[in-house]
Amino acid sequence: MGCARYEVLLDGKKLNAGYSVEAECDKDGCAKQIDRGLAYLCGQTPGGDEYGCGHYFCADHLLGSQQCEACAKKTDEANTWTNPATGYSYDLRDQFLPPGETYRPDGWVWKHLGTFEGNVPVLVPVKLPDLSPGAHSGCAITTYDFEVAGSVAWRQQLADQAQAARENRDA
């Protein structure tokens, strides 16, 4: 739960914040009335952090990632790697599976945990649902034709639904 009123340091200036502090959206040119509570905060920490600038935005200018457009763009750029050989871009926040692997909600997926081999991201197998790493040291994202685990799960779900429809039709 947030606080009604407190002070934060934002861009070197003291600022009143909290859900009882009325304000305008910090987006240039927007005059929508908001408060300076956590619901309108870009990032996770009043005053700013690695997740956002700490400014306050109306619902039109605060994206689903709880970030303003500029911070969301920086985050996307920082978490995207493009293979120079193929031009394919990877979102390093995704979970991946090697080709032919089946997705299981309690199984293993591969995830980028921040390490690189040269300039190439390294993926490490992690156990779902808590994403705890296994003993494998990982491999470069270019080692296999990794697929996004969510896409694999979606295809599996469609195949299961089609199979169930065929079984119902034939019954």
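Quick look at the structure, then. None of these values were measured; they are calculated from a predicted model.

Describing the environment of P105
- Mapped onto the elements, P105 comes out in the loop between β6 (95-97) and β7 (108-117).
- We classify P105 as exposed; its relative accessible area is 59%.
- When the C-alpha atoms of P105 and D160 are compared, they prove to be 15 Å apart, with 55 residues separating the residues in sequence.

Some thoughts on unusual backbone geometry
- In this structure, the amide linkage connecting L128 to the following residue, P129, adopts the cis form with an omega of 5°.
- Structurally, P129 can be placed in the loop between β8 (120-127) and β9 (132-133).
- Unusually for a residue other than glycine, D11 sits at a positive phi of about 55°.
- By the secondary structure assignment, D11 is in the loop between β1 (6-10) and β2 (13-24).
- Of note, L131 is a non-glycine position whose phi angle comes to about 60°, a positive value.
- Following the sequence through the fold, L131 ends up in the loop between β8 and β9.

Concerning the packing of aromatic side chains
- Within this structure, the stated rule accounts for six aromatic pairs.
- Between Y90 and F96 the ring centres are 6.1 Å apart and the planes differ by 65°, which places this aromatic pair in the edge-to-face class. A single burial state applies to Y90 and to F96, both of which are buried.
- Within the aromatic cluster, the residues linked to one another by ring pairs are W81, Y88, Y90, F96, W110, Y144 and F146.

A word on the nonpolar core
- Counting residues in each nonpolar core, the largest one holds 16 residues, and the members touching the most others are C42, Y56 and F57.
- With nine residues, the next largest nonpolar core counts L92, F96, W110 and I141 among its residues.

Let's talk about the pattern of salt bridges
- Inspection of every chain in the model, using the stated rule, returns seven salt bridges.
- When the shortest N-O distance is used, the salt bridge between D91 and R93 registers 2.9 Å.
- D91 sits in the partly exposed class, given a relative accessible area of 26%.
- Two residues, R155 and E147, come together in a salt bridge whose shortest N-O distance is 2.7 Å.

Conventions used here
- Residues numbered from 1 in each chain as written.
- Predicted model: local features only at pLDDT ≥ 70, side-chain atom pairs only at ≥ 80, totals over all residues.
- Heavy atoms only, no water.
- Helix = DSSP H or I, 4+ residues; strand = E, 2+ residues; numbered from the N terminus.
- Buried < 20%, exposed > 50% of the residue type's maximum accessible area, 1.4 Å probe, protein only.
- Phe/Tyr/Trp six-rings, centres within 6.5 Å; stacked < 30°, edge-to-face > 60°.
- Core = buried A, V, L, I, M, F, W, Y, C linked by side-chain atoms within 4.5 Å.
- Salt bridge = Lys/Arg side-chain N within 4 Å of Asp/Glu carboxyl O.

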